[in-house]
Amino acid sequence: MRTQEIWADTIDKAAEEILQALKEKTNTTSTVGSRDNVFYFDGWDGLGASAVLRAIAQRLATTSADGKRALAELEFDQVIHIDCSMWQSRRALQRAVAEELRLPSEVMELFDREDEKDDFRGVAQGSRAEVQQVIREMQQHIQKLNRRFLVIFHNGSSEEIDLASCCGFPLYGFSTSKVLWTFQGRFRLKPRRKVDTAMKTAGTTDVFLLAYPQDKIKEELWTYLVLQETAEVAAACKFNTRSRGIINQPEQVTECFLYMWDLCCSGGQLIDYDLDTHGANYWVCDDIIRHRQQGDGLWRAAEALHREIRLDMDSHQYVPSSQLLGQWQIRTKPYWTSPTYGLILIPTRAMPNGDMFQHSADKLCVLKLSRCTFNFQSPPFLCCYALRFLWLDHCQGTNKTSTDGAGKEEDIRRCFQRLWVLDVRYTDCDQILCAQMLGLMTQLRELNVIGAKGWDMGQLQGQLPNICKLRVKKSDVTCSCPENDLFSEMNKMEHLDFSGNYSTGGSSPMTSLFGPGVSSSNVWCLETVIIVDGCGEVEKISFRGCTELKNLHLGGRMRSLHTLDISGTAVKTLDLSTTVIPHLDELYLLHCEKLCAILWPPKEKMKHGGLGKLCIDTTLSAPTAQSREEKAKRGTSTATTGTSVAPAAAPHGSRPSSEFDWHISVRDARLLASLKPVYSTAVGGDLLSYSRKAYVEISSPHPTAVGGGGKDEGIFKSAGSREQQLLANLQRQPAPTVYTEISVDRVQQASEGGADTLGIMWMWPCPDVPDLPEKMSFFFFWGASPEKRCYIHVQDQMRTKSLQGGEGTQTVAVPWFIRKCAKILHVHDSLSITSITSDDEYSSEWPDLEWCRIERCPKLDFVFDNVQGRFDFTYQLRIFWASQLLESRYISTSNGNRIFPHLTLLHLDFCPRLIHALPLTWNWFPNDKDSLCLLETLEIAWCGDLREIFPFKREKPDLKDFPKLKRIHLHELPSLQHICGVKMSAPNLETVNIRGCWSLTRLPDIGSSNKVVECDCEKEWWERLEWDDRSQADNYRPIHPRYYKKTLLRGSVLRFPRGIQPSIHHCCLCAPVGKMV
């Protein structure tokens, strides 16, 4: 990297010189290795650099004829001007460049996708890297344009950025595109040594440009450059904050900068002004920023300006080592200071009094007293009636009693009533922060307490109604009031810092920390909470109901913390990664609608055995949330729109889901990945789950319910009321009906015939979910695993949208560490879910699932997705119930090496495209003969494409035995040819009910017993049955309908023509005309 000097006294002159430097290199024939493509401009010792780059961009703007002419003279085709002075991330830079290049919308959508992924990974905004796929798109787009670019880049980061690798610009080899960039701007003023260090990160810069004064003296040039810099800051501040005229003039910004610069350069070496905390406070309290309307807008404008002006203090605080001792001696002596009057030392053992401030009583707005001793009942600053900002540092009070009680009380009231900012550090708080004094501070906006000893925070109760920022740090605190009522009247508090505090004992140790809003229904403003390094004896932290809380910073050791509750907040990422929480047992995140990720500390820094209680609910926001306890009191959940209006089964019988050890309800399954560190533990090299009862729900917000309903009671008990609901659904149906010959009137006529004329529902209700094992102690043997104790519930009432604007699809990715513990799975009412799977090697296997109910998911492709060629697998499934899966062609995509030896009930209804249910194998691996050996109930209705229920893969036996099968109900399956592809034996069969299965020609063989089984079926179908031995027919007694219609609908029922988009309403009613059973 070579250095080039530029001599100029103005922004315009510097811009001309830089353009000339760019032009010279453009017109010079050089080798590839000597071509200069990347130029860095450092300004005049950091000042003016950003203004010069902006002036160059304006000169080359193609919106004017002069700009087009200048651009052509430089032989550039396009200027890309990127201002990232307020740095966010490399991805934000990449997005800004992509917008300038006008990349297609589908490419821009990649940013949103990656941002969403990073949200659920818990990646901080500042750590988000560029999107690799976008880089490739940028490279192709730039290559296609075939243009010569000049990229002007304001770099607000702390490292050099290689725009070739980040944004795809060709800057090496034979490329003639160029980059002009700077670190400096908006008073960042990085010193040269920091610039040189930062440039080593990438090493892509070819030329380092430095500006020097040409004719102006240094002081005159400095004043000119400050004005140019402040103009940029004013414009940025006005654009970014919409300050509405409070700060929109460069003169205002100049005054604020000079004020802060003076503090840094003159007193900054001797006095701690804590500009990071108080920068904006100084401007407002000292009347630097003024406006005719005093209020929150003024303070917010000052804070916004403070964020824009971030002085690099290292460049101004360097002091030779010989001066350090003198500075330390000054800092340890008593003094008072004010930005207006500077530093005034107080003689040793002298007490400050009112005489010290008489000459400045009407002008002293900001006052800091350090290491002073005075009477707190009669402080020396009472005469300063303009005082707004008071800072007491290492001050001590005397025990003298004031003689002028009445007069002093009125002076104290007037003094403290006017305060806006109070900072008390390592000072006795018993008097200055007692309840009586706090009651006077009605206008106080900010209170900082650091290093207090034995301070009773209970005195804050009901005080400080206008407080916006409260910091209590590194203090020994107690609380004499109810802790959940401590901040009850602080309605305007936006910022709370409670770091490094402890309790040494006393009568009222502080054991809980509650935010405002916990004990009240008011609207609260709290946005930021910081708790780092110790909470002493605090066992519970709760910010429940603080709906505006977005920034929660927790870190350090919290040795006593047992319960953390941030329910109803707007926290997006709960970051516990830097905490030490050895006793945290309960975590509540209810109604946290924006929550995307939880970052955990290492296991050795958490409680052994993990969390005992974890409650997460991201499906509802706090204002509209209703507790699940309230729902439980009202009864079972209401029904949703659909053909079989069946309410969701109550989890764990009638037990409310909130009583589970872990109750997790999320709107996006990706949040579940955050639970892996606490859901399982490593034992003997294997990943095993903690023993706990877990309720996992994946659900979108519930819409308005269509109707009521209780537990499913089957066809013969509730068909009438259900039919009325189906009729209402059909009348609301916007799309044309599939079967035009079936009118609403005939459907209504069929419903009037009674329950036995319908025949479209199920005969047996879905069994209740099984009981989960009771809690067991956390103890594992080698090779043993804990009892599976997880209930999973998936619901999506909202139709998602794809990024292209159409109806979207969704894959619910349930992590393996949860699936392997799942005992109960309920998926229902999803208009977008296409699969329930994951990206891990186990695909969609549920090894210990016992109860599974899938319903009203019109886009679901399959339920169990088994990877081809994997090991033999045995399911523990006992109950499987599927309803209204309009697109599903298979229940399981298995290649045949999966068996279901424990299945007792199989129910399928309204699955029009289903081809087969569960495939079987024979002689493939041990125990495959046991598949379906416990099946008791087989019920399938309205599956028009179903050809075979249990097909065999490859080899087939001569006979398949179903020793426990008792009940068969097959309804409107016109394509069904076989229940099983071979001869069936069902010696314990009790009930057979068949309607509309005209392609089915065989029934199971009951055996040689004298048992007779009733078969409820159509007469014509019975007469066409085929028998290996006519004696088999003697084991059945056919029962035919009382009313029989000769003309029957025998088409492919519920088989939707291509071009008609299926919906839940399409599977309403397709019954034959007339009355039949």
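Keep in mind that what you see is a predicted model, and the values were worked out from it rather than measured.

Rules and cut-offs
- Residues numbered from 1 in each chain as written.
- Predicted model: local features only at pLDDT ≥ 70, side-chain atom pairs only at ≥ 80, totals over all residues.
- Heavy atoms only, no water.
- Core = buried A, V, L, I, M, F, W, Y, C linked by side-chain atoms within 4.5 Å.
- Buried < 20%, exposed > 50% of the residue type's maximum accessible area, 1.4 Å probe, protein only.
- Domains from an automatic or database assignment.
- Contact = heavy atoms within 4.5 Å.
- Helix = DSSP H or I, 4+ residues; strand = E, 2+ residues; numbered from the N terminus.
- Pairing = 2+ DSSP bridges.
- Polar contact = N/O pair within 3.5 Å; in protein donor to acceptor, adjacent residues only side chain to side chain.
- Axes fitted to C-alpha atoms, helices over the stretch in contact; angles between N-to-C directions.
- Expected span 1.5 Å × (residues − 1).
- Arc of directions from axis to C-beta.
- Parallel < 35°, antiparallel > 145°, perpendicular 65-115°, else oblique.
- Left-handed = near helix turned anticlockwise from the far one by under 90°.
- Nonpolar A, V, L, I, M, F, W, Y, C, P; charged D, E, K, R; others polar.

**Q** Got a minute to help me understand the nonpolar core in this structure?
**A** Note that soluble globular proteins tend to have their nonpolar side chains buried in a common cluster. Counting 169 residues, the largest nonpolar core has Phe381, Leu460, Phe880, Ile949, Phe950 and Leu970 as the members making the most contacts within it. The residue makeup of this core includes at least three contributed by each of domain 3 (539–624 + 658–667) and domain 4 (861–1043). Those residues within four positions of phenylalanine 950 in sequence are excluded, and the remaining contacts are Leu906, Leu918, Leu920, Leu932, Leu935, Leu938, Phe962, Ile979, Cys980 and Gly981.

**Q** Is there a simple way to think about the pairing of strand S37 (residues 851–855) in this case?
**A** Each regular strand carries side chains that alternate between the two faces of the sheet. Counting buried positions along S37 yields 5 of 5 residues, so the element is predominantly enclosed. Where strand S35 (residues 822–830) lies against S37, 5 bridges are found, and the strand directions are parallel. Looking across to S37, one finds that leucine 825 is bridged to cysteine 852. The sheet contact formed by S37 and strand S39 (residues 879–883) spans 5 bridges and is parallel. What sits directly across from isoleucine 854, in S39, is alanine 882.

**Q** Could you clarify how one ought to interpret the side chain of serine 338 in this entry?
**A** With respect to the element layout, serine 338 can be found in strand S7 (residues 335–338). What makes serine 338 buried here is its relative accessible area of 0%. At 2.7 Å, the side chain of serine 338 and the backbone oxygen of valine 366 are in polar contact. Every residue in contact with serine 338, bar those within four places of it in the chain, is listed here: Leu364 and Val366.

**Q** Explain the sheet that holds strand S18 (residues 495–497) here, please?
**A** To summarise the sheet geometry, strands pair through backbone hydrogen bonds and adopt either a parallel or an antiparallel arrangement. Strand order in the open sheet formed by 11 strands is S8-S7-S9-S11-S13-S14-S16-S18-S20-S22-S25, and the pairing between neighbours is mixed. This sheet does not close on itself; its edge strands, each paired only once, are strand S8 (342–345) and strand S25 (579–580). Here strand S22 (residues 551–557) runs beside S25; their pairing, made up of 2 bridges, is parallel. Paired with arginine 557 across the bridge in S25 is valine 580. Along the sheet, helix H11 (residues 275–285) makes contact with strand S9 (366–370), strand S11 (389–393), strand S13 (421–425), strand S14 (446–450) and strand S16 (469–473), crossing S11 at roughly 135°.

**Q** Would you mind showing me how to read the sheet that holds strand S6 (residues 207–212) here?
**A** Pairing is parallel in the open sheet, where 6 strands are placed in the order S1-S6-S2-S5-S4-S3. Every interior strand has two partners, whereas the edge strands, strand S1 (2–7) and strand S3 (78–84), have only one. Pairwise comparison of adjacent strand axes, ignoring direction, gives a mean angle of 20° for this sheet. With 7 bridges connecting them, S3 and strand S4 (residues 149–155) associate as parallel partners. If you follow cysteine 84 over to S4, its bridge partner there is asparagine 155. Helix-sheet contacts for helix H2 (residues 49–59) involve strand S2 (38–41), S3, S4 and strand S5 (178–182), and the interaxial angle to S4 is about 150°. Lying on the sheet, helix H8 (residues 192–199) is in contact with S1, S2, S5 and S6; it crosses S6 at an angle near 165°.

**Q** Is there a simple way to think about helix H6 (residues 132–145) in this case?
**A** For an α-helix the count is 3.6 residues per turn, leaving residues at separations of three or four pointing the same way. With 14 residues, H6 should reach 20 Å at 1.5 Å per residue; the first-to-last C-alpha distance of 20 Å fits that figure. Those residues of H6 not exposed but buried are Val134, Ile135, Met138, His141 and Ile142. Buried residues along H6 cover an arc of 130° about the axis, so they all sit on one side. Seen from the open side of H6, the exposed residues pointing more than 90 degrees away from its buried face are Gln143 and Lys144. In this fold, the buried residues of H6 make contact with helix H4 (90–101), helix H5 (105–121), S4 and helix H7 (163–167). One or two residues past the end of H6 sits asparagine 146, with phi positive at roughly 55°.

**Q** Looking at this model, I keep getting lost on the packing of H5 against H6. Mind explaining?
**A** A pair of packed helices is characterised by two quantities: the angle between their axes and the separation of those axes. H6 packs onto H5 with a crossing angle of 160° between their chain directions and a minimal axis gap of 9 Å. Regarding the angle of H5 to H6, the classification is roughly antiparallel. Between H5 and H6 lies a crossing whose hand is left-handed. Contacts between H5 and H6 pair Val107, Leu110 and Phe111 from the former with Gln133, Val134 and Glu137 from the latter. Class assignment for the residues of the contact of H5 with H6 results in 4 nonpolar, 1 polar and 1 charged.

**Q** Would you take a moment to explain the environment of leucine 71 for this structure?
**A** Inspection of the secondary structure puts leucine 71 in helix H3 (residues 65–73). Distance from leucine 71 to leucine 150, taken between C-alpha atoms, is 9.5 Å for residues 79 residues apart in sequence. Non-local contacts of leucine 71, meaning those with residues more than four positions away in its chain, are made with Leu60, Thr62, Phe76, Asp77, Gln78 and Val79.

By themselves, these are just geometric observations and shouldn't be taken as functional.
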